[in-house]
Amino acid sequence: MGTTQRLDKILSNSGYGTRKEAGQLIRSGNVTVDGVTVKDRGMHVDPESSVIEVCGERLKYRKFIYLMMNKPQGVISATTDNRHETAVDILPDEYRGFNLFPAGRLDIDTEGLLLMTNDGQLAHDLLSPKRNVPKTYYALVRGVVTREDVERFREGVTLDDGYRTLPAELEIIRQGSDSEVELTIYEGKFHQVKRMFEAVGKKVKYLKRLRIGNLVLDENLEPGECRELTMEELDMLKASVFTPSDS
Ligand code: URA
């Protein structure tokens, strides 16, 4: 047994449009609860124990939705924007109306793993500076990334605003006039990866997020594509924010 919620909210969170649109469906007599037509959009119902039907079709109630998106360049990690396409704008139609939002930020020119969800608590936990959830990035960097840079990142570098970063793990994949690296950071300051490389005199030319905690970007997702997390992935992601004090 779950808890009760307003009927219009249940419909809205299940893909039946905005709260207003869901309210109209209810008022026009298209919704039944346990076989009885309900016209009161504010009626409290337990969606886990009651059978809700919309236009004769049983509502498949899911408390929360979790998608991994491979955010493309040129799209911003926001819900709405006047100038640019957002991660919400590029969601497949079937996920509209679930009030999904991006849990975290990637720059407009950064690609890669973005979690889209309507689970505010998990998003809050993942982003909390207290949790230090690791995030791993692949970066193409102009200039030769050296062992000295690895050491400096491990000790923490000072950003342009005087902030000293937490220790971070830098792995050199290919050294050259352009170097390929993977970097794991445990915080999420504005433009952090780019500013960390600037602090050691180098420029990030391309950036892609590969992992958030234990959640790994599916390599089969093209930029702009998304898919739901599997149960195992969701459990792994939740384990990334678990701390002994939670129990
Ligand atoms: N660090 C950056 O500089 N940009 C991002 O988008 C994410 C981390």
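Scroll up a little and you will see the structure.
Keep in mind that what you see is a predicted model, and the values were worked out from it rather than measured.

A separate point is helix α3 (residues 120-127). Taken together, the buried positions of α3 are occupied by Leu-122, Ala-123, Asp-125 and Leu-126. Down the axis, α3 shows its buried residues gathered within 165° of arc, on one side only. Summarising the geometry of α3, the exposed residues directed more than 90 degrees from the buried face are Gln-121 and His-124. The elements touched by buried residues of α3 are β7 (66-71), β8 (101-102), β9 (110-117), β13 (203-212) and α6 (231-241). N-cap assignment for α3: the residue whose side-chain oxygen lies 3.2 Å from the backbone N of Gln-121 is Asp-119.

Once that is clear, we can look at the sheet that holds strand β6 (residues 57-58). Spatial strand order, β3-β2-β5-β6: four strands in an open sheet with antiparallel pairing. Of all the strands in the sheet, the pair left with one neighbour each is β3 (36-37) and β6. One ladder, built from three bridges, connects strand β2 (residues 31-33) with strand β5 (residues 52-54); its direction is antiparallel. In the sheet register, Val-33 faces β5, and the bridge partner there is Ile-52.

Lining the immediate environment of the ligand, one finds Leu-106, Asp-107, Thr-110, Tyr-137, His-191, Gln-192, Val-193, Lys-194 and Leu-207. Interatomic distance of 2.9 Å between a side-chain N/O atom of Thr-110 and an oxygen atom of the ligand. Within the backbone of His-191, a nitrogen or oxygen atom sits 3.2 Å from an oxygen atom of the ligand. When isolated, the ligand has an accessible area of 230 Å², and the protein chains bury 96% of it. Among the elements that take part in the shell around the ligand, helix α5 (residues 192-199) stands out by supplying three residues, more than any other. Residues belonging to the shell around the ligand are distributed by class as follows: four nonpolar, three polar and two charged. Split by domain, the shell around the ligand shows at least three residues from each of two domains, domain 2 (66-129 + 215-246) and domain 3 (135-212).

Here is what the cut-offs are and how they apply
- Residues numbered from 1 in each chain as written.
- Predicted model: local features only at pLDDT ≥ 70, side-chain atom pairs only at ≥ 80, totals over all residues.
- Heavy atoms only, no water.
- Buried < 20%, exposed > 50% of the residue type's maximum accessible area, 1.4 Å probe, protein only.
- Helix = DSSP H or I, 4+ residues; strand = E, 2+ residues; numbered from the N terminus.
- Arc of directions from axis to C-beta.
- Contact = heavy atoms within 4.5 Å.
- Polar contact = N/O pair within 3.5 Å; in protein donor to acceptor, adjacent residues only side chain to side chain.
- Pairing = 2+ DSSP bridges.
- Near = heavy atom within 4 Å.
- Areas by Shrake-Rupley, 256 points an atom, 1.4 Å probe, with all protein chains shown as cover.
- Nonpolar A, V, L, I, M, F, W, Y, C, P; charged D, E, K, R; others polar.
- Domains from an automatic or database assignment.

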